[in-house]
Amino acid sequence: MEKKSSLKSTITVSLTNYLDAGAIVAGASGLTLWKDYLQLTEGNLGWLNAISANCLGAAIGAIIGGFLADKYGRKFIYTYNMLIYMLGVMLIMLSVNFPMLLAGFLVTGVSVGVGVPASWTYISENSETGNRGRNIAISQMAWGIGPTIILILGTLLAPPSSGDTGGLLFPAVAAVAQLFGVGTPGPEQYIFTSRIVFASLFVVAFIAWTLQRQLDESKEWLDAKVSGQRQPSTFASFGSLFNNKTNIKTMLFLAGMYLSWNLVSSVMGFFQQHIYETAGGLTNEYANMLSVGQWIVIILTTFFFSLIVDKVSHRPLYAFGVGCAVMAWVMVLTIGITSIEGLLVFTALWAIQGGVSVQTFYALWASELFPAKYRAAAQGVMFFFVRGLSALWGLVFVYIYGEEGEGFTIAAVLMMSLLILSLVIGVVGAPSTKGKTLEEITRERYGSDI
């Protein structure tokens, strides 16, 4: 089977990234609305983050999806996974209490986790050697486009707050709420803003399910199956993965650089609007508008990154991206988050690092540095580890941060320290894979020991 139109298959698979980030940001943009509607505490919000697509839900899904993708093929994931996502989103749309909302976040998160290892693996395996980095970067653009569309929608649908009239399309939200017998302004009506946002994800998930079922199976996986590389069972695959010293060293490097960055990114992905509204003092509408601007910059930066990633050394690119992340937190600590200047500088720097992000390098290197027979499984294990610990960190963060952001400075210092750690690990351990085929990389790293 020839690799036909790697760009077309990349775009199709990248809808998974759109839905991953979309689910996180849809939850984040409506977090204050759900808090008011269901009378939630900061602890409740921490649990929503912990079991969502941002953390534990994705962690559980990833370790399952990684091994399933190696045993049954990449296409197996695309045939069924979006059905689980649609179920989770529907639960959130219809939620009337905290357990129902929690269950919706968990199911959606599991689906996101199942899809992530297969997606990065499939994109890498079906890319031409000179376009592998480009295609991974394009998949990350979808990770930026999702939040941008969700935040624009959230801004347009935003309910009134602090005396303003709300978003341009809020009258439509009120009209929809009235159809369900909720005609009085207040939390019960305002939550329809978030319900409609999640309904948009349901529609995109259905489109993704329709398109992804038509994908061809990965040639790399089929070749591994024919040559006997594919593991006969999940347990055998797991054992083989951890019995190889090269695998263990690689997983420690990738998980270390990704975890230290993701602990910060997971908090920002879920709590950014909430932080802007509490510590920053912005309305829900303006918090979403600022985040929209950030995601537009992320998309543009990622596009530029996609043009050069296969042509230049990865190490200085990585250092630049994480360096911007560190500077973002340095600036907000010195200028302050309560000033518009501080918010704008922080948002701009955080946006640039999002376009040259650690996750892009992680996705690229993790899909390059392992043999095909456990390429997805290795990613599933690392994703489980990273998102699982991010879940625990999310629970701790809400208590450090406080109900109204009184602990923001302490939290910011911790964030900056984690990013510095990611910078050091990534720069020291950056592999040299540019311009090499996956087969060449595997031979260099493993020889015949696969």
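Residues numbered from 1 in each chain as written. Predicted model: local features only at pLDDT ≥ 70, side-chain atom pairs only at ≥ 80, totals over all residues. Heavy atoms only, no water.

(A) Summary view of the overall build of the protein. When you go through the protein residue by residue, the secondary structure sums to 20 helices and 0 strands. On C-alpha atoms alone, the protein measures out to a radius of gyration of 21 Å, which is about the 22 Å that the 2.2 N^0.38 rule sets for 450 residues. When its C-alpha atoms are laid out on the principal axes, the protein stretches across 70 × 45 × 35 Å. When burial is assessed residue by residue, the protein has 61% of its 450 residues classed as buried. Put simply, of all contacts in the protein between residues at least 6 apart along the chain, 82% involve residues at least 24 apart. Here the protein has roughly 16,600 Å² of accessible surface; of this, 70% comes from carbon and sulfur atoms. Measuring between centres, the 25 positive side-chain charges of the protein sit 13 Å from its 25 negative side-chain charges. (Helix = DSSP H or I, 4+ residues; strand = E, 2+ residues; numbered from the N terminus. Rg over C-alpha atoms; globule rule 2.2 N^0.38 Å. Buried < 20%, exposed > 50% of the residue type's maximum accessible area, 1.4 Å probe, protein only. Contact = heavy atoms within 4.5 Å. Areas by Shrake-Rupley, 256 points an atom, 1.4 Å probe, with all protein chains shown as cover. Lys, Arg positive; Asp, Glu negative; His and termini not counted. Charge placed at Lys NZ, Arg CZ, Asp CG, Glu CD.)

(B) Up close: the environment of Ala351. Here Ala351 is to be found in helix H16 (residues 340-355). Residue class for Ala351 comes out buried when judged on its relative accessible area of 0%. Once the C-alpha coordinates of Ala351 and Ser14 are considered, the two residues, 337 residues apart in sequence, prove to be 20 Å apart. If sequence neighbours within four positions are ignored, Ala351 has contacts with Gln294, Val297 and Ile298.

(C) Summary view of the pattern of salt bridges. Applying the stated rule across the entire model yields 5 salt bridges. With a shortest N-O distance of 2.7 Å, Asp70 and Arg74 are connected by a salt bridge. Per residue, the accessibility class of Asp70 equals that of Arg74, and both read buried. Between Arg375 and Glu125 there is a salt bridge, and its shortest N-O distance comes to 2.8 Å. Of the two residues, Arg375 is situated in helix H18 (residues 375-401) and Glu125 in helix H6 (residues 98-125); the sequence distance between them amounts to 250 residues. A single burial state applies to Arg375 and to Glu125, both of which are buried. (Salt bridge = Lys/Arg side-chain N within 4 Å of Asp/Glu carboxyl O.)

(D) Broad picture of the nonpolar core. With 135 residues, the main nonpolar core has Leu254, Trp329 and Trp365 as its most contacted residues. Looking at which element gives the most residues to this core, the answer is helix H13 (residues 245-278), with 15 residues. (Core = buried A, V, L, I, M, F, W, Y, C linked by side-chain atoms within 4.5 Å.)

(E) Up close: unusual backbone geometry. Even without glycine at this site, Gln39 takes up a positive phi of about 55 degrees. Within the secondary structure, Gln39 is located in the loop between helix H2 (31-38) and helix H3 (42-50). Residue class for Gln39 comes out exposed when judged on its relative accessible area of 65%.

(F) A look at the side chain of Thr302. Take Thr302: it is sitting in helix H14 (residues 284-308). Ignoring sequence-local partners within four residues, the contact set of Thr302 consists of Ala137, Gln140, Met141, Gly354 and Gly355.

(G) Representation of helix H4 (residues 56-72). Between its first and last C-alpha atoms H4 spans 24 Å; for 17 residues at 1.5 Å apiece the expected length is 24 Å, and the two agree. Looking at H4, one finds that the buried residues are Gly57, Ala58, Ala59, Gly61, Ala62, Gly65, Gly66, Phe67, Ala69, Asp70 and Lys71. Positive phi appears at Gly73, one or two residues downstream of H4, with a value of about 105 degrees. (Expected span 1.5 Å × (residues − 1).)

(H) A nonpolar patch on the surface, seen in detail. Among the surface-exposed residues, Leu56, Ile60, Ile64, Leu106, Phe384, Phe385, Leu389 and Leu392 lie close enough to one another that they form a single nonpolar patch of about 620 Å² accessible area. Every element with two or more residues in the nonpolar patch is listed here: H4 and H18. Looking at the nonpolar patch element by element, the count peaks at 4 residues for H18. Checked against the element boundaries, Phe384 lands in helix H18. In this structure Phe384 comes out as partly exposed when scored by relative accessible area, which is 35%. (Patch = residues over 30% accessible without salt bridge, like charges linked within 9 Å, V, L, I, M, F, W, Y side chains within 5 Å.)

(I) Region of interest: helix H1 (residues 6-29). Helix length check: H1 (24 residues) gives 33 Å between terminal C-alpha atoms against 34 Å at 1.5 Å per residue, within 8%. At Val13, H1 shows its strongest bend, of approximately 30 degrees. Across the 24 residues of H1, 21 count as buried, placing the element largely inside the fold. (Bend = angle between axes of the 7 residues up to and from the residue.)

(J) Just the packing of aromatic side chains, in detail. For the coordinates displayed, the defined rule picks out 23 aromatic pairs. With 4.1 Å between their ring centres and 10 degrees between their planes, Tyr258 and Tyr362 make a pair best called stacked. Placement of Tyr258 in helix H13 and of Tyr362 in helix H17 (residues 358-368) is noted, with a sequence separation of 104 residues between them. Residue Tyr258 shares its accessibility class with Tyr362, and that shared class is buried. Seen in terms of ring centroids, Phe305 and Phe361 are 5.5 Å apart; in terms of plane orientation they differ by 70 degrees. Their pairing is edge-to-face. With Phe305 in helix H14 and Phe361 in helix H17, the pair connects residues that are 56 residues apart, well separated along the chain. (Phe/Tyr/Trp six-rings, centres within 6.5 Å; stacked < 30°, edge-to-face > 60°.)

(K) Region of interest: empty space enclosed by the protein. In the structure shown here, the tally under the stated rule is 5 cavities of 30 Å³ or more. Here the largest cavity defines a volume of roughly 230 Å³. Elements supplying a minimum of two residues to the lining of the largest cavity: H1, helix H7 (132-157), H13, H14 and H16. Taken together, the residues that form the lining of the largest cavity break down as 10 nonpolar, 12 polar and 1 charged. (1 Å grid on protein atoms, 1.4 Å probe; cavity = no way out; pocket = protein on both sides within 12 Å on 5 of 7 lines; lining within 4 Å. Points joined across faces, edges and corners; volume = space filled by probe spheres on them. Nonpolar A, V, L, I, M, F, W, Y, C, P; charged D, E, K, R; others polar.)

(L) Layout of the environment of Glu188. Secondary-structure assignment places Glu188 in helix H9 (residues 187-190). The spatial distance from the C-alpha of Glu188 to the C-alpha of Trp393 is 31 Å, given a sequence separation of 205 residues. With sequence-adjacent residues up to four places away left out, Glu188 is seen in contact with Tyr37 and Val182.

(M) The arrangement of the side chain of Thr108 in detail. Relative to the elements of secondary structure, Thr108 occurs in helix H6. With sequence-adjacent residues up to four places away left out, Thr108 is seen in contact with Ala23, Tyr85, Gly88, Val89 and Ile92.

Purely geometric stuff here, so don't read any function into it on its own.
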